[in-house]
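Geometric and topological summary
Residues per chain, in single letters:
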Amino acid sequence: MQQNHGRNSGIHDETQRYINDTEWMLTYESTEVIVNSNYMKRELQRLFGLPFEKINVAPNGININMFNGVEKDYDFRRQYALDNEKIILFIGRLVYEKGVQHLISAMPKILAGYHDTKLIIAGKGGMIDELKAQVNSMGLGNKVYFTGYMDQKQVCKMYKCADVSVFPSTYEPFGIVALEAMLSGIPVVVSDVGGLNEIVEHGVDGMKSYAGNANSIADSILELLYNPALVDNVVKKAKLKVKNEYNWTKIAQDTHFIYQKAICQTMAERQKNQIAQENAKKAKRAKNTETEITNLLSFRKRQAYA
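Here's a quick rundown of the structure. (Residues numbered from 1 in each chain as written. Predicted model: local features only at pLDDT ≥ 70, side-chain atom pairs only at ≥ 80, totals over all residues. Heavy atoms only, no water.)

1. Some points on the sheet that holds strand β5 (residues 144-148)
Here is the rule: A strand pair is defined by DSSP finding two or more bridges across the two strands. Going along the chain from the N terminus, every DSSP run of H or I of four or more residues is numbered as a helix, and every run of E of two or more is numbered as a strand. Throughout, an axis means a line fitted to C-alpha atoms (over the contacting stretch in the case of helices), and angles, computed between N-to-C directions, take values from 0 to 180 degrees. Whether two residues are in contact is decided by their heavy atoms, any of which lying within 4.5 Å being enough.
Here we have six strands laid out as an open sheet, ordered β5-β4-β3-β6-β7-β8, and parallel in their pairing. In the strand order of this sheet, the two ends are held by β5 and β8 (207-209), each with one partner. Here the average twist between neighbouring strands, direction ignored, is 25°. Where strand β3 (residues 86-91) meets strand β6 (residues 164-167), two bridges bridge the pair, whose relative direction is parallel. Considered in β6, the bridge of Leu89 is made with Ser165. Lying on the sheet, helix α10 (residues 214-226) is in contact with β3, β4 (117-122), β6, β7 (188-191) and β8; it crosses β8 at an angle near 160°.

2. A closer look at the packing of aromatic side chains
For any pair of aromatic rings, the description consists of the separation of the ring centres together with the inter-plane angle of the planes. Rules: Aromatic contacts are taken between Phe, Tyr and Trp rings whose centres are within 6.5 Å, Trp giving its six-membered ring; a plane angle under 30 degrees counts as stacked, one over 60 as edge-to-face, and the others as tilted. Only protein chains enter the accessibility calculation, which uses a 1.4 Å probe; a residue whose area is less than 20% of its type maximum is buried, one above 50% is exposed, and one in between is partly exposed. Two conditions define a charge sitting above a ring: the NZ of Lys or the CZ of Arg must be within 6 Å of the ring centre, and it must be within 35 degrees of the ring normal.
Evaluation of the coordinates by the stated rule reveals seven aromatic pairs. When the centroid spacing of 5.0 Å and the interplanar angle of 15° are considered together, the rings of Trp24 and Tyr28 count as stacked. Highlighted residues: Trp24 and Tyr28, both in helix α2 (residues 14-29), separated by four residues, approximately one helical turn. In this structure Tyr28 comes out as exposed when scored by relative accessible area, which is 51%. Ring geometry for Tyr80 and Tyr145: centres 5.4 Å apart, planes at 80°, overall edge-to-face. Of this pair, Tyr80 sits in the loop between α4 (74-77) and β3 while Tyr145 sits in strand β5; the two residues are 65 residues apart in sequence, bridging distant segments of the chain. Note on Tyr145: relative accessible area 34%, which makes it partly exposed. Taken together, Phe76, Tyr80 and Tyr145 form an aromatic cluster joined through their ring pairs. When the ring centre of Phe52 is taken as origin, the NZ or CZ atom of Lys41, which lies over that ring, is 4.1 Å away.

So this is what it looks like as structure tokens:
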């Protein structure tokens, strides 16, 4: 949900209006609504005027075994960077709201502070030509590499080869790639928006940057590159957080509870309506009986005076 107000920054045509109206109707008619972050909970309340207590947060999760058996593959790594280069990794769709353009803009400052770095951009999307043009215009052709589409096996290998993963989104309802990076054992830098802002605690299990701010992105990356002790601490805590809070077993249990609440509430409302209908029928019968008695007394009185 919320594609129109988020990715498209508003409603611009009849199709988007139809989607928005349909979403409003569905949330209005629902007993309970589930979203994947507190950010989306606030968005739904703001846009649709839903009662706060009707909206439940159940985050997305990942398979916590996805990196089992995946080791650092140096031959794979050498396809993208030299052994002495630190890999800064972005994985995702190449569209405006993912903020890759800001990460590229941060590279001059990063290279000035730590020259032996390489930005690897994995994914595809509508902005790829624009991003490549940006790289060339900035003279970063030998420091930024576009891999194109990667399958799941390649993605897991790439995480294991990277030194820092960066997700500089300007709009992000959740941010499942951040969970993958945290589970893989590499430090993450995320922008302070949407669901990403909730997943990472700055300086504890990752780093944050101001959304759309290349200087802030560079500062957070450089802090990780220059501080191995910080990296060790955030990686351990990040992996533990993902395993404890974002595993599918826990999320399934939370979702099951929400369904139970909805079913119980629906049953309670049905019983309440049934009781109200029965009371209304009783009141109607009582009123009819009273009317009949009144009519009978009036008839007898008329008969008495006849």
